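So you can see what is in the structure, the chains are spelled out below.
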Amino acid sequence: MRQAEKKKQKDKIAIVLMLCFCVIALTSIFTIKSNLHKIRDSQSDVPVSEKTKTSEEAAAQRIPKNAEASDEASARVPAVDSLDARKSRQNEPQGQESTEGTDFAKPVRDDGACVSNEFAMDHLVYSVTLDQYMVHCGVDLEAPADTQVTAIAGGTVTAVYVDDRYGNSVEITQDGGFTAVYSSLSDAAMVEVGDTVTAGQVIGGVGSTALFESLEPAHLHLELLRDGVYVNPMDYISM
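In every chain, residue numbers begin from 1 and rise along the written sequence. Local features in this predicted model are restricted to residues of pLDDT 70 or higher, and side-chain atom pairs are both shown and tallied only at a pLDDT of 80 or more, whereas totals for entire chains, interfaces and linings draw on every residue. The side-chain numbers reported here are obtained from all heavy atoms of the structure, hydrogens and water having been left aside.

**A short note on the overall build of the chain**
Our working rule: Runs of E in the DSSP output that reach at least two residues are strands. Runs of H or I that reach at least four are helices, and both are numbered from the N terminus. Relative accessibility decides the category of a residue: with a 1.4 Å probe and only protein chains considered, values under 20% of the type maximum give buried, values over 50% give exposed, and everything between is partly exposed. Residue contacts follow a heavy-atom distance rule, with two residues in contact if any of their heavy atoms lie within 4.5 Å. Areas reported here follow the Shrake-Rupley algorithm with a probe of radius 1.4 Å; residue values treat only the protein chains shown as occluding.
Scanning the chain for helices and strands turns up three helices and twelve strands. When the 239 residues of the chain are sorted by exposure, 28% land in the buried category. At a minimum sequence separation of 6, the contacts of the chain that also span at least 24 residues come to 63%. Accessible surface, the chain as shown: approximately 16,200 Å² in total, 55% of it carbon and sulfur.

**Re the pattern of salt bridges**
Using the following cut-off: By salt bridge we mean one thing: a side-chain nitrogen of Lys or Arg within 4 Å of a carboxyl oxygen of Asp or Glu.
Per the counting criterion, the structure on display carries two salt bridges. Put simply, D111 and K106 hold a salt bridge, and the shortest N to O gap is 3.4 Å. Notably, a salt bridge pairs R165 with D163, separated by 3.5 Å at the nearest N-O pair. Using a relative accessible area of 37% as the deciding quantity, one classes R165 as partly exposed.

**Thoughts on the pairing of strand β11 (residues 219–226)**
For clarity, the threshold we go by: Should DSSP find at least two bridges between two strands, the strands are regarded as paired.
In terms of burial, β11 is a largely internal element, eight of the eight residues being buried. Neither face of β11 is left uncovered, since the one carrying H219, H221, E223 and L225 and the one carrying L220, L222, L224 and R226 both have all their residues buried. Pairing geometry for strand β4 (residues 139–142) and β11, over four bridges, is antiparallel. Residue L141 lies in a different strand from β11, and its bridge partner there is L220. Bridge count for strand β8 (residues 178–183) against β11 is six bridges, and the pairing is antiparallel.

**Remarks on the environment of A188**
Secondary-structure assignment places A188 in the loop between β8 and β9 (196–197). A relative accessible area of 11% places A188 in the buried class. Between the alpha carbons of A188 and Y161 there is a distance of 7.9 Å; along the sequence they are 27 residues apart. Contact partners of A188, with chain neighbours within four places excluded, come to V160, N168, S169 and V170.

**A few points about empty space enclosed by the protein**
Selection criterion: Definitions used throughout: a 1 Å grid over protein atoms alone; a cavity as a set of points that fits a 1.4 Å probe which cannot get out; a pocket as an open set with protein on both sides within 12 Å along at least five of seven lines; a lining residue as one with an atom within 4 Å of a point. Grid points are joined across faces, edges and corners, and a volume is the space filled by probe spheres set on the points. Note on residue categories: nonpolar means Ala, Val, Leu, Ile, Met, Phe, Trp, Tyr, Cys or Pro, charged means Asp, Glu, Lys or Arg, and polar means any other residue, Gly included.
Per the counting criterion, the structure on display carries one cavity of 30 Å³ or more. As for the largest cavity, its lining consists of 13 residues, of which S127, M134, H136, E213 and E216 are closest to the centre. At the level of elements, β2 (120–127) and β3 (132–136) are the ones that each hand at least two residues to the lining of the largest cavity. Considered class by class, the residues forming the lining of the largest cavity number seven nonpolar, three polar and three charged.

**What about the side chain of E223?**
To be explicit about the condition: We count Lys and Arg on the positive side and Asp and Glu on the negative side, and we leave His and both chain ends out.
Examined against the element boundaries, E223 turns out to sit in strand β11. Here E223 occupies a buried position and makes no salt bridge, while the nearest side chain of opposite charge, R165, is found at 5.3 Å. E223 has contacts with C137, G138, Y166, T179, A180, V181, Y230 and P233, leaving out every residue within four places of it along the chain.

**Section: the packing of aromatic side chains**
This is how the line gets drawn: Any two of the Phe, Tyr and Trp rings considered here, Trp counted by its six-membered ring, make a pair once their centres fall within 6.5 Å; the pair's planes then place it as stacked at under 30 degrees, edge-to-face at over 60, or tilted in between.
Here the structure, examined in full by the defined rule, presents five aromatic pairs. Taking 5.8 Å as the distance between ring centres and 45° as the angle between the ring planes, the aromatic pair formed by F104 and Y236 counts as tilted. Separated by 132 residues along the polypeptide, F104 in the loop between α3 (83–91) and β1 (114–117) and Y236 in the segment after β12 (229–231) bring together distant segments of the chain. Each member of the pair, F104 as well as Y236, is classed as buried. Here a set of aromatic residues connected by ring pairs shows up, and it is made of F104, F178 and Y236.

**Side note on the nonpolar core**
Soluble globular proteins tend to bury their nonpolar side chains together. Note the following rule: Nine residue types can take part in a nonpolar core, namely buried Ala, Val, Leu, Ile, Met, Phe, Trp, Tyr and Cys, and a core is a set of them joined through side-chain atoms within 4.5 Å.
Membership of the largest hydrophobic core comes to 29 residues, with the highest contact counts inside it found for Y182 and I203. Breaking this core down by element, the ones donating at least two residues are β4, β7 (167–174), β8 and β11. Those residues within four positions of I203 in sequence are excluded, and the remaining contacts are V149, T150, A151, V170, I172, Y182, D187, M190, V191 and V197.

**Points about the side chain of E216**
With respect to the helices and strands, the residue E216 is situated in the loop between β10 (202–205) and β11. No salt bridge forms around the buried E216; measuring N to O, its nearest opposite-charge neighbour R165 is 13 Å away. For E216, the contacting residues outside a window of four places in its chain are N117, V128, T129 and D140.

Written out as structure tokens, the structure reads:
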């Protein structure tokens, strides 16, 4: 009898402990659920209008940056001069350079002298020596070797030298912004730097000293510059 009563008491204690455990477990579950609901509610407390405003402000802040970057990029892009624009400028009427008052003498004392290579700065001419087409900044006047070369106008000798391309050369600075360069001379020792020459004065002879034109007959390579720009000598002299 005593053993049966002890067993009943143990069973009651076990039942009570089981009930307490269940109560504690249920209480914990309800507490966790309550906390989860609070967390979700706190995340959704921010008003919709406020969220929208934040996005709009962020977008507004990004726009100026992109605009500035675009302006900077466009500022770095060089302006391209179109072919049509260049052609339009070339076709614009230009002021005619007056040759009035320029009394240039014949540069070669030979009635049979002729132009063997024309002035060509705006188109290409064929070079026999170099076997290629190229610009030609002067005019070549063919004449027998050692034919006298004369100054086309009065001026001052500003240079006497041997040019790597055009051989023995004499440079004379004239009035009116003109500079004449006589090259491929047989001899350039007839004048010195600082000499004053007059129109028609002999300054050298026709030669074949121009390396770039060595396969051509003897000739005078004459260049003429006006205010530092190459011009066609044949526009100022007559043969």
